[in-house]
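Commentary on secondary and tertiary structure
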Amino acid sequence: MSRLALGIDIGGTKILAGLVDEAGTVHAQHRVATPAAEGGAAVLRAVIDAARTLLSTTDLRPDACGVGTAGVVDTAGTVVSATDLLPGWVGLRLADRLAEAFGLNTVVLNDVHATAVCEARLGAARGYGSALIVALGTGIGGALIRGGRLDPGRTGIAGSIGHVLAPLHRGAVCSCGAPDHIEAYASGPAIEAEYAARSGRVLDLRSIAARDDELARQVIAEAGEALGGTIGTAVNLLDGDIVVIGGGVAEIGEPLIRAIGAGLRRHALPPARNVPVALARHRTDSCLIGAASAALGGV
């Protein structure tokens, strides 16, 4: 067997730990809910417990540890900025704490940057020189691939499409505190809140997507078209080779992707309207696999 990494995906709602080889195969994994409301110390304990539980179920042993986490991460693996989706996360020396816990060389990336590494090396963006990666979940994140490699930008926020203005201007407040960012309209919680406001029924995203009624279809279509408009604006600026959509919200599938395409074509300039839009090949495991790949082969 090729070398293995302990990959960890830390999101606003779930923590996923897995053992991943150099080809991107996940050999075992363990998932727990993120205790975000309890603060950063509780989340860190949950991460360590999830990984230890995973390792206790198998004889496989990792050679390194790779982590993808919500928030902006510096080159030393410290969280330097985060939204209220993970309170108390800023300032955490995550790479140092996990290296100490597991005795492994540890690499920490932003979660969407990890997704981008996966999709550029092993997924839908493989073979393309440049790509915009968009991850839809509790929040909306983005990352850029240039020259086939991750380009985090000067401060590590390059590609943060969730914090670009939406084509809607209703005053919705983003998790970062600013008004009318697209995350406030097209993230999972935003879609759930919009459906609840219009229907009077509180349902999770999976239930909304499964409903065969006009309101559910309309809410999903409006969120997708708004996101597509923001992506179209980004395409005008970046002029990349492909857009890759991942994250849990993308599991809605064709209705959402169709709406994103419609919004993109409405806002992108004519030469860029035919940019391919693809679902992440490794779907909700992309962050896990990308973090492990970065630990084994660098960013």
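First things first, this report covers the structure right here in the doc.

Conventions we followed
Residues numbered from 1 in each chain as written. Predicted model: local features only at pLDDT ≥ 70, side-chain atom pairs only at ≥ 80, totals over all residues. Heavy atoms only, no water. Helix = DSSP H or I, 4+ residues; strand = E, 2+ residues; numbered from the N terminus. Rg over C-alpha atoms; globule rule 2.2 N^0.38 Å. Buried < 20%, exposed > 50% of the residue type's maximum accessible area, 1.4 Å probe, protein only. Areas by Shrake-Rupley, 256 points an atom, 1.4 Å probe, with all protein chains shown as cover. Core = buried A, V, L, I, M, F, W, Y, C linked by side-chain atoms within 4.5 Å. Pairing = 2+ DSSP bridges. Salt bridge = Lys/Arg side-chain N within 4 Å of Asp/Glu carboxyl O. Contact = heavy atoms within 4.5 Å. Axes fitted to C-alpha atoms, helices over the stretch in contact; angles between N-to-C directions.

1. Points about the overall build of the protein
- Per the secondary structure count, the protein includes nine helices and twelve strands.
- In terms of overall dimensions, the protein is globule-like: its C-alpha atoms have a radius of gyration of 18 Å, near the 19 Å expected for 299 residues.
- For the protein, the C-alpha atoms occupy an extent of roughly 50 × 45 × 35 Å along the three principal directions.
- A burial count over the protein gives 53% of its 299 residues as buried.
- With an accessible surface of roughly 12,800 Å², the protein has 50% of that area assigned to carbon and sulfur atoms.

2. Some details on the nonpolar core
- Of all hydrophobic cores here, the largest spans 39 residues; its most connected members are Leu132, Val134, Leu136, Leu227, Ile231, Val243 and Ile245.
- With nine residues, helix H7 (residues 214-238) is the single largest residue contributor to this core.

3. A closer look at the pairing of strand S7 (residues 106-110)
- Within S7, four of the five residues are buried, which leaves the element mostly enclosed by the surrounding structure.
- Two strands pair when backbone bridges link them, and strand S4 (residues 64-69) and S7 are joined in this way by five bridges, in the parallel orientation. Directly across from Gly66, in S7, lies its bridge partner Val107.

4. A few points about the pattern of salt bridges
- One pass over the structure, following the stated rule, counts twelve salt bridges.
- Here Asp96 makes a salt bridge to Arg93, at a shortest N to O gap of 2.6 Å.
- A salt bridge links Arg258 to Glu254; the shortest N-O distance between them is 3.6 Å. With Arg258 and Glu254 both in helix H8 (residues 254-267), this residue pair falls four residues apart, about one helical turn.
- The network of salt bridges with common partners includes Glu194, Arg198 and Glu222.

5. Describing the sheet that holds strand S11 (residues 242-246)
- Strand order in this open sheet of five strands is S10-S9-S8-S11-S12, and the pairing throughout is mixed. Two strands in the sheet have a free side with no partner beyond their single neighbour: strand S10 (149-150) and strand S12 (277-279).
- Sheet topology note: the strand S8 (residues 131-136)/strand S9 (residues 140-146) ladder contains six bridges and is antiparallel. Residue pairing in the sheet places Leu136 in a bridge with Ile140 of S9.
- Sitting on the sheet, helix H3 (residues 111-122) touches S8, S9, S10 and S11, and the angle it makes with S9 is about 45 degrees.
- H7 contacts S8, S9 and S11 of the sheet and is inclined by roughly 155 degrees relative to S8.

Note that all results are geometric; they support no functional claim without further evidence.
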